[in-house]
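# Chain and residue survey
Here is what each chain is made of, one letter per residue.
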Amino acid sequence: MTPILHIDMDAYFASVEQACNPSLRGKPVVVCGETSADKRWGRTIIVTSSYEARKFGIKTGMSVPEAKRLCPGVQLVFGNPDKYIDTSLQIHRIFLKYTPLVEPFSVDECFIDPAAAWDDCRRIAGKMKNEIRQSFGITCSAGIGPNKLTAKLASGMQKPDGLTEIRPEKIPELFQKLPVQELCGIGEKTAEKLNFLGIKTAGQLGSAREGLLTTHFGVIGPRLKRMGLGIDESPVASYWAERIIKSVGHTHTLPEDTGDIEIIRAFLRLMAEKVSDRMMEYKLMGKTVSAVIRYDDFESANRQTTLRRHTNSGLAIYEAAIKIFNGFLPLRKNVRMTGVSVSSLMPENNEQFLFERLAKNQRLDKLVHALNKKYGDFFVKPASLLIAENFGIKDRCGMIGQHIFDKNISKKSS
Ligand SMILES: [Mg+2]
């Protein structure tokens, strides 16, 4: 087995800004984000900070006043996602010179399988780092390990500008003291639960009884144990295979045909939430939002709009879908089906995900409550969404609704 490489850009957004604007170099810089949540709450949050800013204790997720308190001279830059995405795509070109097995993990991270022996892999990583520095004036940290799990762990061990190897024979010693949450895929909640069971380190996870883990974590129990042993057999996906997913969509046939705009809006909201949830599951963000409504005579209206930036926020998708829907008003006929889909996809940007978590709490509960109030308790249950679930990812956003439409036809004629 040849090793896997993980490359993670250092303080990516801030580094790109410093590279583009020489007056920011060597200074504490924070990149601020604006999201739908911000607009609502009038808040601006630190998305990334330069290493100079981190020395003052500035961290991702802090508010601007907090950052200014820690470092009055901090330079504020409004984030420019298109610039970062564009730079990422150019960086991918460098990786692709060596292998098509390049799998973006977030906007500034990739897994790469160069299919080369350890020493060659290290040489390749060095060349990639050099070319990125020369081409873009920014640094990255590389990790090399026997698999994705350990390669990712390695890249985080010597930041910035690191090149770290984790050889298989070193894993047991390393894992002995490694906190479980350092393993990619073990989130805060899982770590808390593990800690409660007395499992604090990766090594302890590896030697835990599989039965215990299955009792507390269900089907992922055995996988957790394997993670604790440093085992990860997931392959690095081909860069081009990633592009097969072109859109994520959901449609739903209403319980009865209706001309009630509020009900249709509520369903669009539900669709947007479902699409958002699945995009997060697939770690995707998209830029083009499509909305469809099908009338009671099976004619439909379908339009799309392009957002300023990539998103997987349910609220942002909903807002775009509502704008489209408003363009269909006034309704000439009753509506029997609604759908929302998102295309122009890219791998998820972890920084954006932070905002999503902040905004998420208040979303779905309210909606489910409103729908249940309208239709009676337990109206919104998984079964009512099963068909939409099966609908899954379609090749073209224009296809949204087709599947369910066909089903309805066959149901009618039988
Ligand atoms: Mg990074």
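Anything mentioned here points back to the structure above.
Okay, so let's go over this structure.

About the criteria used
Residues numbered from 1 in each chain as written. Predicted model: local features only at pLDDT ≥ 70, side-chain atom pairs only at ≥ 80, totals over all residues. Heavy atoms only, no water. Helix = DSSP H or I, 4+ residues; strand = E, 2+ residues; numbered from the N terminus. Buried < 20%, exposed > 50% of the residue type's maximum accessible area, 1.4 Å probe, protein only. Contact = heavy atoms within 4.5 Å. Areas by Shrake-Rupley, 256 points an atom, 1.4 Å probe, with all protein chains shown as cover.

A few words now on the overall build of the chain. Helices and strands together make up the secondary structure of the chain, namely 18 helices and 13 strands. When the 414 residues of the chain are sorted by exposure, 50% land in the buried category. Partitioning the contacts of the chain with sequence separation of at least 6, the portion at a separation of at least 24 is 69%. Entry remark: accessible area of the chain is about 20,100 Å², with carbon and sulfur atoms responsible for 53%.

Take unusual backbone geometry next. Between Lys-159 and the following residue, Pro-160, the backbone shows a cis peptide bond with an omega angle of -5°. Structurally, Pro-160 can be placed in the loop between α7 (148–155) and β8 (163–165). Along the chain, Leu-329 connects to Pro-330 via a cis peptide bond; the corresponding omega equals -5°. With respect to the element layout, Pro-330 can be found in the loop between α14 (314–326) and β12 (335–347). The residue Ala-115 is not glycine, and still its phi comes out positive at about 50°. Within the secondary structure, Ala-115 is located in the loop between β6 (109–112) and α6 (118–136). You can call Ala-115 exposed: its relative accessible area is 58%. The backbone phi angle of Asp-161 is positive, close to 60°, even though this residue is not glycine. With respect to the helices and strands, the residue Asp-161 is situated in the loop between α7 and β8. Look at Asp-161 and you get partly exposed, because its relative accessible area is 34%.

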